Amino acid sequence: MYRFKTLSEFHRYSNLPKPQHPLISLVDYSKVNYPTNSNEIKWMQDFYSIGLKRNVNEKFNYGQQKYDFDEGVLAFVAPKQVLTIQIQQNITANASGWLLLIHPDFLWNTQLAKSIKNYDYFGYSVNEALFLSKKEESIIVELLKNIKREYQSNIDKFSENIIISQIELLLNYAERYYQRQFITRKITNHEILVKLETALNSYFSKKNTLINGFPTVVQIANDLNLSPNYLSNMLKTISGQSTQQHIHNKLIEVAKEKLSTTELSVSEIAFELGFEYPASFSKLFKNKTTVTPIAFRKSFN
């Protein structure tokens, strides 16, 4: 696996000219030329990248998640993420797009150095890339070109602030477009809600919770082949609740059923639901229902 610590290392590997600025670079993706002596390339980079790509002759993936860039989409990669690229031999493609590379040192001592970690889509999988309309794409491209024009001009005391402002504007537009994507892809989102319900029902069967405890957000996301951040953000948009809240809601639903239809003790119910300590179960139950498990049970007697 390759490790790119600097933008210059990535430029050399991709057969690109030396970057004009050591810490920020906008690459014309049609000029990227990865070595062709291998069918698969794997690397880790120490910088952020924002890629707007279309008609690319490679398949990108994180772990088991793959995405084929046949259309123009926007994808985000944070430092220290592992990216795998499968080269498709003997296939001609007219790749195009842009790749913005930003070293964390460029953001040093700015507010963006802290706030960039709050943009969850840097943790999304490649198959959760952002599909842009033509109007949205033109706005993103114009911002990318503004960044390039600024670092290509004579650097002065205003340059960094102007570039940082353009990056922040791009990230905020991306956040807006992701919210639009969550809403407009209703059919896919409905299917995910059905799969989420099925997965939760399976986890809260007596056998699973006794063995594994109640599920985590990461486990549920893995079951649905989504990244945890993408799943939670999508659920918040379409249901107003995060993945963790959906898990708790299912847990309380099952707990209510057991409290009202069985004679199991509160401790036994807590154990069946995967809690190590009954007090933890009682605390969560009261937090969600405003009454204790015992008080809830008495209301049925």
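Residues numbered from 1 in each chain as written. Predicted model: local features only at pLDDT ≥ 70, side-chain atom pairs only at ≥ 80, totals over all residues. Heavy atoms only, no water.

Section: the overall build of the chain
Working step 1: Looking only at helices and strands, one finds twelve helices and ten strands in the chain.
Working step 2: Per-residue burial over the chain gives 47% buried out of 301 residues.
Working step 3: Of all intrachain contacts in the chain linking residues separated by at least 6 positions in sequence, the fraction that spans at least 24 positions is 73%.
Working step 4: Total accessible area on the chain stands at roughly 15,900 Å², and carbon and sulfur atoms take up 50% of it. (Helix = DSSP H or I, 4+ residues; strand = E, 2+ residues; numbered from the N terminus. Buried < 20%, exposed > 50% of the residue type's maximum accessible area, 1.4 Å probe, protein only. Contact = heavy atoms within 4.5 Å. Areas by Shrake-Rupley, 256 points an atom, 1.4 Å probe, with all protein chains shown as cover.)

With respect to the side chain of histidine 246
Working step 1: Here histidine 246 lies in helix α9 (residues 243–261).
Working step 2: A residue is classified by how much of its surface remains accessible, and histidine 246, at 15% relative accessible area, is buried.
Working step 3: A distance of 3.0 Å separates polar atoms of two side chains, one belonging to histidine 246 and the other to serine 239.
Working step 4: Not counting residues within four places of it along the chain, the set of residues in contact with histidine 246 comprises Leu193, Leu196, Leu200, Leu235, Ser239 and Gln241. (Polar contact = N/O pair within 3.5 Å; in protein donor to acceptor, adjacent residues only side chain to side chain.)

Quick notes on unusual backbone geometry
Working step 1: Although it is not a glycine, asparagine 15 adopts a positive phi angle of roughly 55°.
Working step 2: Locating asparagine 15 in the fold gives a position in the loop between α1 (7–13) and β2 (24–28).
Working step 3: Of note in this structure, asparagine 109 is not a glycine but carries a positive phi near 65°.
Working step 4: Tracing the backbone shows asparagine 109 in the loop between β9 (96–102) and α2 (111–115).

What to know about the confidence of the model for the chain
Working step 1: Summarising the model, the chain shows a mean pLDDT of 84, and 86% of its residues fall at 70 or more.
Working step 2: Overall, residues 61–70 carries pLDDT values under 50, and its contacts beyond four positions in sequence, including any with other chains, amount to 37 contacts. (pLDDT = per-residue confidence, 0-100.)

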